Amino acid sequence: MAAYTVLIALVAVERLAELLVARRNAAWSLARGGVEYGRGHYPPMVALHTGLLVGCLLEVRWAERPFLPGPGWPMLVLALAAQGLRWWCIGALGPRWNTRVIVVPGLPLVVGGPYRWLRHPNYLAVVVEGFALPLVHTAWVTALGFTVLNSLLLATRLRCEEAALTLCRAAA
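Residues numbered from 1 in each chain as written. Predicted model: local features only at pLDDT ≥ 70, side-chain atom pairs only at ≥ 80, totals over all residues. Heavy atoms only, no water.

**Student:** So what exactly am I meant to see when it comes to the packing of helix α1 (residues 2–31) against helix α4 (residues 121–135) here?
**Tutor:** The description of two packed helices rests on the angle between their axes and on the distance between the axes. Where α1 meets α4, the closest approach of the two axes is 11 Å, and the angle between their N-to-C directions is 155°. Considered as vectors, α1 and α4 are oriented roughly antiparallel to each other. The residues of α4 that touch α1, namely those facing Tyr4, Leu7, Ile8, Val11 and Arg15, are Glu129, Leu133 and Pro134. Among the residues forming the contact of α1 with α4, the class breakdown is 6 nonpolar, no polar and 2 charged. (Axes fitted to C-alpha atoms, helices over the stretch in contact; angles between N-to-C directions. Helix = DSSP H or I, 4+ residues; strand = E, 2+ residues; numbered from the N terminus. Parallel < 35°, antiparallel > 145°, perpendicular 65-115°, else oblique. Contact = heavy atoms within 4.5 Å. Nonpolar A, V, L, I, M, F, W, Y, C, P; charged D, E, K, R; others polar.)

**Student:** For this particular structure, what's the right way to read the side chain of His49?
**Tutor:** Along the chain, the position of His49 falls in helix α2 (residues 42–62). Those residues in contact with His49 that lie beyond four places of it in its chain are Arg15, Val126, Phe146 and Asn150.

**Student:** I'm lost on the nonpolar core in this one. Help?
**Tutor:** Side chains that are nonpolar tend, in soluble globular proteins, to be buried together. Of all hydrophobic cores here, the largest spans 21 residues; its most connected members are Tyr4, Leu7, Ile8, Cys56, Leu133 and Val136. Elements that contribute at least two residues to this core include exactly α1, α2, α3 (69–93), α4 and α5 (140–171). Not counting residues up to four positions away in its chain, the partners in contact with Leu133 are Tyr4, Leu7, Ile8, Val11, Leu53, Cys56 and Ala79. In terms of nonpolar packing, the next biggest core, distinct from the first, is built from 11 residues, Val21, Ala22, Leu85 and Tyr115 among them. (Core = buried A, V, L, I, M, F, W, Y, C linked by side-chain atoms within 4.5 Å. Buried < 20%, exposed > 50% of the residue type's maximum accessible area, 1.4 Å probe, protein only.)

**Student:** Explain a nonpolar patch on the surface to me, please; I cannot follow it from the model alone.
**Tutor:** A cluster of nonpolar side chains, Trp140, Val141, Leu144, Val148, Leu149 and Leu152, forms an exposed patch at the surface whose accessible area comes to about 590 Å². Structurally, Val141 can be placed in helix α5. Since its relative accessible area comes to 42%, Val141 is described here as partly exposed. (Patch = residues over 30% accessible without salt bridge, like charges linked within 9 Å, V, L, I, M, F, W, Y side chains within 5 Å. Areas by Shrake-Rupley, 256 points an atom, 1.4 Å probe, with all protein chains shown as cover. Salt bridge = Lys/Arg side-chain N within 4 Å of Asp/Glu carboxyl O.)

**Student:** Looking at this model, I keep getting lost on the packing of α1 against α2. Mind explaining?
**Tutor:** At a minimum axis distance of 10 Å, the contact between α1 and α2 shows a crossing angle of 165°. By the angle class used here, α1 and α2 are roughly antiparallel. Where α1 crosses over α2, the handedness of that crossing is left-handed. Every residue of α2 that contacts α1 at Tyr4, Thr5, Ile8, Val11, Ala12, Arg15 and Leu19 is listed here: Tyr42, His49, Leu53, Cys56, Leu57, Val60 and Arg61. Tallied by class, residues from the contact of α1 with α2 come to 10 nonpolar, 2 polar and 2 charged. (Left-handed = near helix turned anticlockwise from the far one by under 90°.)

Printed below as a string of structure tokens:
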């Protein structure tokens, strides 16, 4: 449990780093005429992602979930790979990456890095992490709950992003 707690704490620190990068990038985008879309779904998204981390710890502790090496190690590899993909996305988008949907009109779509193969690779990272991180320590209720709720939220987020990008392309 101690090692898993450290893992979750490290992911929480990573999330805080993301928020710092996002804040800096939001200022960059807004200074260049960026427009934010979908503010309404952002607070539930923050709550859901916070709930994932809290749920991982609480379920393991309260339900006395064991660490099972068979699924645990591969899930750890997937969770770490998701982090790698997330930061590859952040690097590929540079100052345009954000946790919010902020689009700077006139800028072309990024087609390098993981965007060469996927339109929304960051969401692949979110989906993989959402089931893998809890399953590192057999927190299957958290994995299932996050996956279901995230699929609903992600559908909203993707519609929002696609609409924002379409509007910006039409205005250009």
